Amino acid sequence: MTNFPPSFATGDDYEYDSIIPNKVFNQLRVHSESTEKRAKRNKDKKEDDATASMAVDQKTRLLMYKMVNGGVLNTINGIVSTGKESVVFHATGGEVEELKITLPEECALKVFKTTLNEFRNRDPYIRDDYRFQERYSHLNPRKIVKLWAEKEMLNLKRMIEHGVPCPEALLLRKHILVLRFLGKEQKAAPKLKDVELSSQQRKRAYEETVQIVKKMYNDCKLIHADLSEYNLLWHEEKVWVIDVSQSVEPGHPRAMEFLYRDCKNVENFFTKIGVENVLTAKELLESVSGVKVEGDGEELLPELQRHGGKKEKPHKFNPEVEGASFDHLFDMATRERSQAATAVDAEDDWELIDDDDSDSDAEEV
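Note that the coordinates shown come from a computational prediction; the quantities given were computed from them, not determined experimentally.

(A) Region of the structure containing helix H2 (residues 58-69). Across its 12 residues, H2 extends 16 Å between first and last C-alpha, which sits within 8% of the 16 Å expected from 1.5 Å per residue. Those residues of H2 lying buried are Thr60, Leu63, Met64 and Met67. All buried residues of H2 project into a common sector of 95° when viewed along the axis, lining one side. Counted as exposed and oriented over 90 degrees from the buried face of H2: Gln58, Lys59, Tyr65 and Asn69. Where the residues of H2 are buried, they touch strand E1 (73-82), strand E2 (86-93), strand E5 (106-112), strand E6 (169-173) and strand E7 (176-180). Looking one or two residues beyond H2, the residue adopting positive phi is glycine 71, at roughly 85°.

(B) Broad picture of the nonpolar core. By size, the foremost hydrophobic cluster in this structure holds 57 residues, and its most contacted members are Met159, Leu177, Leu192, Val241, Leu259, Phe270 and Leu285. Among the elements that make up this core, the one with the highest residue count is helix H7 (residues 255-272) (9 residues). Among all residues touching valine 241, those that are not within four sequence positions of it are Met159, Val164, Pro165, Cys166, Pro167, Ile212, His224, Leu227, Asn231 and Leu232. Formed by 18 residues, the second largest nonpolar core is a distinct cluster that contains Leu63, Val72, Cys107 and Leu109.

(C) Looking closely at the packing of aromatic side chains. With the rule as written, the count across this model stands at 2 aromatic pairs. Summarising the aromatic geometry, the rings of phenylalanine 269 and phenylalanine 270 are spaced 5.0 Å apart at their centres and angled 75° between planes, so their arrangement reads as edge-to-face. Judged by relative accessible area, which is 1%, phenylalanine 270 ranks as buried. A network of ring pairs unites the aromatic residues Tyr206, Phe269 and Phe270 as a single cluster. For the cation-ring pair, lysine 151 lies above tryptophan 148, with the distance from its terminal atom to the ring centre recorded as 5.8 Å.

What counts and what doesn't
- Throughout, residues of each chain are indexed from 1 in the direction in which the sequence is written.
- Two thresholds apply to this predicted model, a pLDDT of at least 70 for residue-level local features and 80 or more for giving and counting side-chain atom pairs, whereas whole-chain, interface and lining totals are computed over all residues.
- By convention in this description, side-chain values take in all heavy atoms of the structure and omit both hydrogens and water.
- Strands are runs of DSSP state E lasting at least 2 residues, helices are runs of H or I lasting at least 4, and numbering of each runs from the N terminus.
- Multiply 1.5 Å by the residue count of a helix minus one, and that product is the helix's expected span.
- Each residue is assigned to one of three classes by its accessible area relative to the maximum for its type, calculated with a 1.4 Å probe on protein chains only: buried under 20%, partly exposed between the two thresholds, exposed over 50%.
- Directions pointing from the helix axis toward each C-beta atom define the arc.
- Contacts between residues were defined by any pair of non-hydrogen atoms, one from each residue, lying within 4.5 Å.
- In this description, a nonpolar core means a group of buried Ala, Val, Leu, Ile, Met, Phe, Trp, Tyr and Cys residues linked to one another through side-chain atoms lying within 4.5 Å.
- Pairs were defined over the aromatic rings of Phe, Tyr and Trp, the Trp ring being its six-membered one, requiring ring centres within 6.5 Å. Orientation was assigned from the angle between planes: stacked under 30 degrees, edge-to-face over 60, tilted for the rest.
- Put simply, a charge is over a ring when the Lys NZ or the Arg CZ is close to the ring centre, within 6 Å, and near the line of the ring normal, within 35 degrees.

This is the structure in structure tokens:
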């Protein structure tokens, strides 16, 4: 009996010099081995599931080690928050010598989960985005995660340019996005749903949220598409918006449907916390978009679908349409083709989020 693994239950028989037939012994040995393998498989599966939920698989961990060893970050201090699609870490900024920049003392490291399950429902947000249509159609599903990180970077850049309060994107590496930290001394700014506000602050928070929706739609040409009290932060006595990787343009076929859902979430939350004179979702949608819709309830959905995608799409190569400052995508694509043609290995390159340098990590995504 002592030949069996310690985890195999043999009762008290190990105390005696008992003899059992070879056939029985062999059956017990095979059973003990299969039990041990099954236990190991279950343990590995639990570890894999835990890794997926925390977004730090082996390759992601290696990338994070490279960031610290290369001096891009001095330390990675721990998890700030977790969500459906990403995990956010607090980090201490370092220096990127090749780009000649110094990161802020406090940074947020947003790591997008690499599991396919997290992105199966994200297809509508990116497939019809004109900025990514050509590249998306040729991508392996696993590489879409990296494209998702790039999409958030580009959306944040556009919002910063138009003065929308949101975290500044600093660096992008594959599916890891380095942001300016919203908070102080490793304590993240609270979500709007968790903060205690006075009646005057609640009223101001509502007005600022409405302005964010309007500015995103009219100036940034973006619709958040997942706006709620869970991705609105209260920082420095005002509202900040986060998590814009799923944001779409008004030319998206489901743009008005997404906008209405955002407006409905705004109405529900601020009504619940006691803000007076809150616009209904329909009124807010009409105020933001200038589009008049008929009907209510279930009748409203077909009307929203009818108006969706009616706005003329900006041509991706025309620098005079829909904000020239953001149509650097043409130059970005040209540089990508040039790099591919000359077989430049950009495996370990960081991307600097800057007005004059908009190279993408698209070769990796």
